[in-house]
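The residues making up each chain are set out below.
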Amino acid sequence: MIFKEKRVFAWPLTGNLPSWLPMKHAPDETSFVRKLLPSVQWETEFAWSGTFGSTKDGLANIGSSVEYPTCFFALGFGGNGTTFSSIATDLIWDMARGVVTESASLFRFER
């Protein structure tokens, strides 16, 4: 029997933990499965990590920023990349053509 555990952290599991992270919060990539199945002997085959960038309100930032008014951005999708990338495509297409849409204000950087 092979167990593969997937854990999501903002730092690589194979590297050193950030010095500011208290040790009581250090990730233990195997503790959950070991507690669940204490009689099974196993080794972790691999682990992965990922970072999800998101905004405070959960909506992506789509459009130009004050710092870069001639560039268009689509950032902070979190776990909703399929939905927000489709919305971003339509909004950026309109912005690039100079078309102003009411829905663009929902995703502006300055909200």
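See above for the structure.
Quantities reported herein were computed from a predicted structural model and do not represent experimental measurements.

**Quick notes on the side chain of Thr-55**
Point 1. Position of Thr-55 relative to the elements: it lies in the loop between α1 (31-36) and β1 (61-63).
Point 2. Look at Thr-55 and you get buried, because its relative accessible area is 17%.
Point 3. Within polar-contact distance, the side chain of Thr-55 engages the side chain of Asp-57 at 2.9 Å.
Point 4. There is a polar contact of 2.5 Å between the side chain of Thr-55 and the backbone oxygen of Leu-59.
Point 5. Not counting the four nearest positions on each side in its chain, Thr-55 is found in contact with Asn-61, Gly-76 and Arg-111.

**A closer look at helix α2 (residues 81-96)**
Point 1. When the terminal C-alpha atoms of α2 are compared, their 21 Å separation across 16 residues agrees well with the 22 Å that a helix rising 1.5 Å per residue should span.
Point 2. Taken as a whole, α2 has its buried residues at Phe-84, Ala-88, Leu-91 and Asp-94. Buried residues along α2 cover an arc of 130° about the axis, so they all sit on one side. Opposite the packed face of α2, turned more than 90 degrees from it, sit the exposed residues Thr-82, Thr-89, Trp-93 and Ala-96.
Point 3. Buried residues belonging to α2 abut β1 and β2 (73-75).

**Regarding the packing of aromatic side chains**
When we look at a pair of aromatic rings, we describe it by the centre distance and by the angle of the planes.
Point 1. In the structure shown here, the tally under the stated rule is four aromatic pairs.
Point 2. Measuring from ring centre to ring centre gives 6.3 Å for Phe-77 and Phe-84, while their planes differ by 45°; the resulting arrangement is tilted.
Point 3. Residue classification places Phe-84 among the buried residues on the basis of a relative accessible area of 7%.
Point 4. Geometrically, the ring pair formed by Phe-84 and Phe-107 is edge-to-face, given 5.9 Å between the ring centres and 75° between the ring planes. Pair noted here: Phe-84 is in helix α2 and Phe-107 is in the segment after α2, with a separation of 23 residues, a long-range link.
Point 5. Put simply, the rings of Tyr-68, Phe-73 and Phe-109 pair up and form one aromatic cluster.

Quick notes on the rules
- Residues numbered from 1 in each chain as written.
- Predicted model: local features only at pLDDT ≥ 70, side-chain atom pairs only at ≥ 80, totals over all residues.
- Heavy atoms only, no water.
- Helix = DSSP H or I, 4+ residues; strand = E, 2+ residues; numbered from the N terminus.
- Buried < 20%, exposed > 50% of the residue type's maximum accessible area, 1.4 Å probe, protein only.
- Polar contact = N/O pair within 3.5 Å; in protein donor to acceptor, adjacent residues only side chain to side chain.
- Contact = heavy atoms within 4.5 Å.
- Expected span 1.5 Å × (residues − 1).
- Arc of directions from axis to C-beta.
- Phe/Tyr/Trp six-rings, centres within 6.5 Å; stacked < 30°, edge-to-face > 60°.

So, to be careful, I would describe these as geometric facts and stop short of saying anything about function.
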